[in-house]
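Overview (structure and organization)
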Amino acid sequence: MPLRYAVVCSSNQNRSMEAHNLMNKRGLIVRSFGSGQQVKLPGTSLEKPNIYTFDTTYDFMYKDLYNKDANLYTQNGVLHMLDRNRRIKEKPERFQDCRDRFDVIFTVEERIFDQVMEENREKRTNEIVHVINIDVIDNPEDATVAAFLLCELGQKLNATEDLDNSINEILIEFEQKNKQTILHAVSFY
């Protein structure tokens, strides 16, 4: 049976959505999430980000930023990113609000890994979930590279017949091949 994946970044915009897009195209079962309190997108300066709730659609964000300054948000790639996102799903989702079960949860930052591990989900079934972190700088180029890495790792994990007994060996080989440091922990539902 194919594994169920989640990819979690802070705002469910760049890193998680780039991976979601590629993994989905490659046939993996995947959903993406943010772990923050709100969705933050670049603004006119670092001190003035555009902030939205997780209930705000990608389409609304796109139109809002287009109307604010189409040139700025085209130049910095935000409109392109939002256009991609709205073709994948309606709106960002917050990981803490999802009750679905996954076999593997990928995170893209140690802080987010910690948030996922601290999430107090109701433990009813004792099903194992593997939480794996690969640090990814939050920019379009690094998000694209990471999407390929996460997709490759997901395909390797999908190919194993016994995930729980094979995962450590797969992760060690992956770290060595890609010169990536990986955090891995097991949690339970």
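Reading guide: rules and limits
Residues numbered from 1 in each chain as written. Predicted model: local features only at pLDDT ≥ 70, side-chain atom pairs only at ≥ 80, totals over all residues. Heavy atoms only, no water. UniProt positions renumbered as here; feature names shortened; annotations may be inferred. Helix = DSSP H or I, 4+ residues; strand = E, 2+ residues; numbered from the N terminus. Rg over C-alpha atoms; globule rule 2.2 N^0.38 Å. Buried < 20%, exposed > 50% of the residue type's maximum accessible area, 1.4 Å probe, protein only. Contact = heavy atoms within 4.5 Å. Areas by Shrake-Rupley, 256 points an atom, 1.4 Å probe, with all protein chains shown as cover. Lys, Arg positive; Asp, Glu negative; His and termini not counted. Charge placed at Lys NZ, Arg CZ, Asp CG, Glu CD. Pairing = 2+ DSSP bridges. Axes fitted to C-alpha atoms, helices over the stretch in contact; angles between N-to-C directions.

With an unreviewed UniProt entry as reference, the protein chain is termed RNA polymerase II subunit A C-terminal domain phosphatase SSU72, source organism Adineta ricciae. Regarding the protein chain, the UniProt comment filed under Function (unreviewed entry) reads as follows: "Protein phosphatase that catalyzes the dephosphorylation of the C-terminal domain of RNA polymerase II. Plays a role in RNA processing and termination." Listed in UniProt under the heading Sequence similarities (unreviewed entry), the comment for the protein chain reads: "Belongs to the SSU72 phosphatase family."

**Comments concerning the overall build of the protein chain**
Each helix and strand in the protein chain was counted, giving six helices and seven strands. Its C-alpha atoms give the protein chain a radius of gyration of 17 Å, near enough to 16 Å, the size a compact globule of 189 residues would have. With the C-alpha coordinates of the protein chain rotated into their principal frame, the extents come out at 50 × 35 × 30 Å. Taking all 189 residues of the protein chain together, 47% fall into the buried category. Restricting to contacts in the protein chain with at least 6 residues of sequence separation, those with at least 24 account for 72%. When the accessible area of the protein chain is evaluated, it comes to approximately 10,100 Å², of which 47% is carbon and sulfur surface. For the protein chain, the separation between the mean place of its 24 positive charges and that of its 30 negative charges on side chains is 5 Å.

**Regarding the side chain of H130**
Mapped onto the fold, H130 is located in strand β6 (residues 128-134). When near neighbours in sequence (up to four residues on either side) are disregarded, H130 contacts D103, V104, I105, L163, D164, I167, H184, A185 and V186.

**Remarks on helix α3 (residues 78-88)**
Of all the positions in α3, only V78, L79, M81, L82, R84 and N85 are classed as buried. Contact partners of the buried residues in α3: α1 (15-25), β3 (39-45) and α2 (58-75).

**Here we look at the sheet that holds strand β5 (residues 104-107)**
Read across the sheet, five strands follow the order β2-β1-β5-β6-β7 without closing on themselves; strand pairing throughout is mixed. Looking at which strands have only one partner, the edges of the open sheet turn out to be β2 (29-34) and β7 (182-188). Going from strand to strand, the sheet's axes swing by 20° on average, the running direction of each strand aside. Pairing between β6 and β7: seven bridges, direction antiparallel. The residue bridging I134 from the neighbouring strand is I182, located in β7. Each of β1 (4-9), β2 and β5 is contacted by α1, which is oriented at about 170° to β2, the strand it contacts most. In the packing of helix α4 (residues 110-118) onto the sheet, the strands contacted are β1, β5, β6 and β7, and the crossing angle to β7 comes to about 10°.

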